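# Analysis of the macromolecular model
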Amino acid sequence: MKFQRDFENFKTACIPWEMKIKEIESHFGSSVASYFIFLRWMYGINIILFGLTFGLVMVPEALMGRQYGSMPRKTVPRAEEANAMDFAVLWDFEGYAQYSVLFYGYYNSQRTIGWLKFRMPLSYFLVGVGTVAYSYMVVIRTMARNANQDGGGDDNSFNFSWKMFTSWDYLIGNPETADNKFASITTSFKEAILEEQESRKDDNIHLTRFLRVLANFLVLCCLAGSGYLIYFVVRRSQKFALEGLESHTWWERNEVNMVMSLLGMFCPMLFDVISALEDYHPRIALQWQLGRIFALFLGNLYTFIIALMDEINLKREEEELVKLNMTIWEAGLFNVTVGVNSTTPPLTVHPADIPRGPCWETMVGQEFVRLIVSDTMTTYIMLLIGDFLRAVLVHFLNYCWCWDLEAGFPSYSEFDVSGNVLGLIFNQGMIWMGAFYAPCLPALNVLRLHVSMYLQCWAVMCCNVPQERVFKASGSNNFYMAMLLVILFLSTLPAIYTIVSIPPSFDCGPFSGKSRMFDVIQETLESDFPPWFGKVFSYASNPGLVLPFLLLMVLAIYYLQSTSKSYKQANLELKKKLQTQNEENKKKNKMAALKAALDLEEARNTGSESPRQHGKNASRQSYRGDRGERRGGASRAHQGEGSHRNPPPATRSTALRGAGAPVPHPDNHWEATPRVHRASNSQRQ
């Protein structure tokens, strides 16, 4: 038994950050702890994505592909060599960072590379598809597991009694663990008390509806203003791009990223202020807050994507001009090389001097990397300024200030669950959207999540205070997972559109020279598989078979969902029946207890009356015995000494009573009478 307990403790200790999350849960409740659990889960997902891209894309190209400087796509242009290693250039992921394995344009379109004959274009395409497929599988599987764990039991019966008598763990032997457990029990009681208060609340429904409509109107105004601001900034950035970014300041070059980061930072605070009008349950208020921030981030993200699409079209137009100029340049180079003397060796040109196209795929990857980095830096700076510096000022200036800074304004900050959760979700959405064009994005996200776990755990324990209304998180994180599934779907749509519809760049990336990126599948089937397999694949990918299969899947999903709803409804009905039966059993037990109490009271009353009745019966019996004795003496005097006849009936009854025979009492209680010692005839004489 001890070995099993030690093994369970060892498994718990092997879970990353488990004790930190338990400590946070004990002080701040399950709602704050759910964010860190979700962050840990996202960290695990990104570790897998990083393993796929790093092991199957980046490492093979770095080890077996052509080295830097061997071709134009892997060489910094001559005009950029002077500033290619400057910090400002590298911070914008240009220069040597742009022409590296971090981005799409560095990879060669050669079908096989190295002595292993590694198929680089095929691996790049399959890793991109596998990343999305794995993400869908993990999210849906987690949602299904959470739904199964949610169960249908009733955990509201005797809630406070269970918490009172079963909360403490008597195996705790560490004082620090005991303190955390005590704080956890206290927090759980606060959560249960709030749940009970919210279930009994009765407010003015008309005023509440008016305030909620007003709050939603204000939120819509904020969303519309945010969308217009993003659109305005994007149009300005396009104008700056046409004029040349070198002539503009750092803010003008990064205006889109900074505005999106600032909107994502301050709009949730405004939504939080507006939500005070609605007076929802804290859990429902959190869901509304998440939904509003989700709409804000989604609008900003798709506005950003629309801007990228416009820039992609501009790059493609520029690419056509570059193709024409390259044709003229090659013709001129050929004329110079092949002159009058045909024995002249061909002129060699350094890859840095060869003209090249704009490579719109690398541009898209750079934009997403910049957005991730700027969002990360903004989050960390605001955490240090908004939480740490605020806590330091409140703590040290509270002794010499006019009012109580800790109890009043500004006080210590609370942990923003909704903003942090939505930040994680949309950060992951940008990873899914841009990982195809920037294989380094999963690695950057792993680093970001790793630092965020330690930094935010420290900040929440040192700089934040528990919420005034501590509430219990839902039994499962399916609300978070549902939003993550939606953003996964919406993030893959632009990537799929660009892969299927837009031709790849002609001189960069693993798909250069092909009309569409997915042509690598057909090329592999024709080169590496027998002809019959290619025919089978072409028949299976025929829309005449794919569309009925998709329709069948939709119908199957609808049927399973309907069956699930019917099972859930039956479960609820059974639950109501069990509750009704439980109430009836309680009534029966109450009636039986009341009847038993009445019987006990009646028995006590009867017991108090029996001693007095016993005294009356004893005096009555003694009177009868004396009277019978006198009668027996008179009859024996008349009969003489030698008379041996049977005694009269009265004497026999007296003899029986003297022998201890029971006689009936007036109260129908049989009782043995006391013995009467008869005197012999000699003693009487």
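First, a word on scope: everything that follows refers to the structure included in this document. In this text, all values refer to a predicted model and were calculated from it rather than measured experimentally.

The next thing to look at is the packing of helix α3 (residues 30-64) against helix α15 (residues 478-501). Where α3 contacts α15, the two axes come as close as 11 Å, and the packing angle between them is 40°. By the criterion of interaxial angle, the relationship of α3 to α15 is oblique. Crossing of α3 over α15 shows right-handed handedness. Here Ser34, Phe38, Trp41 and Met42 of α3 come into contact with α15, specifically with Tyr480, Met481 and Leu484. The residue makeup of the contact of α3 with α15, split by class, is six nonpolar, one polar and no charged.

With that settled, the discussion passes to the environment of Ala79. Relative to the assigned elements, Ala79 resides in the loop between α3 and α4 (87-91). The class of Ala79 is exposed, set by a relative accessible area of 76%. Considering only alpha carbons, one finds Ala79 and Asp353, 274 residues apart in sequence, at a separation of 8.7 Å.

Disulfide: a covalent bond connecting the sulfur atoms of a pair of cysteines. Enumeration over the complete set of coordinates arrives at one disulfide. One disulfide in the model links Cys359 with Cys508; its S-S distance is 2.1 Å. Because the sign of the S-S torsion sets the handedness, a value of about 100° for the bond joining Cys359 and Cys508 places this disulfide among the right-handed ones. Of this pair, Cys359 sits in the loop between α11 (282-337) and α12 (360-397) while Cys508 sits in the loop between α15 and α16 (519-528); the two residues are 149 residues apart in sequence, bridging distant segments of the chain.

Turning our eyes to something else, we now look at unusual backbone geometry. One non-glycine residue, Lys117, adopts positive backbone phi at about 55°. One non-glycine residue, Cys359, adopts positive backbone phi at about 55°.

Rules and cut-offs
- Throughout, a residue's number is its position along its own chain's written sequence, starting from 1.
- A pLDDT threshold of at least 70 governs which residues receive local features in this predicted model, and a stricter bar of 80 or more applies before side-chain atom pairs are shown or counted, although totals over entire chains, interfaces and linings include all residues.
- Working from all heavy atoms in the structure, the side-chain values ignore hydrogens and water.
- To define axes, lines are fitted to C-alpha atoms, for helices over the stretch in contact only, and angles between the resulting N-to-C directions are given on a 0 to 180 degree scale.
- Only DSSP runs of H or I covering at least 4 residues are called helices, and only runs of E covering at least 2 are called strands; the numbering of each starts at the N terminus.
- Here the word oblique covers every angle except those under 35 degrees (roughly parallel), over 145 (roughly antiparallel) and from 65 to 115 (roughly perpendicular).
- Two helices that cross are described as forming a left-handed crossing if the nearer one is turned anticlockwise from the farther one by less than a right angle, and a right-handed crossing if clockwise.
- In what follows, residue pairs with any heavy atoms lying within 4.5 Å of each other are defined as contacts.
- Residues are sorted three ways: Asp, Glu, Lys and Arg are charged, Ala, Val, Leu, Ile, Met, Phe, Trp, Tyr, Cys and Pro are nonpolar, and all the rest, Gly among them, are polar.
- Per-residue accessibility, obtained with a 1.4 Å probe over protein chains only, is compared with the maximum for each type, and a residue is labelled buried under 20%, exposed over 50%, and partly exposed between these values.
- Any cysteine sulfur atom paired with another within 2.5 Å is treated as part of a disulfide.

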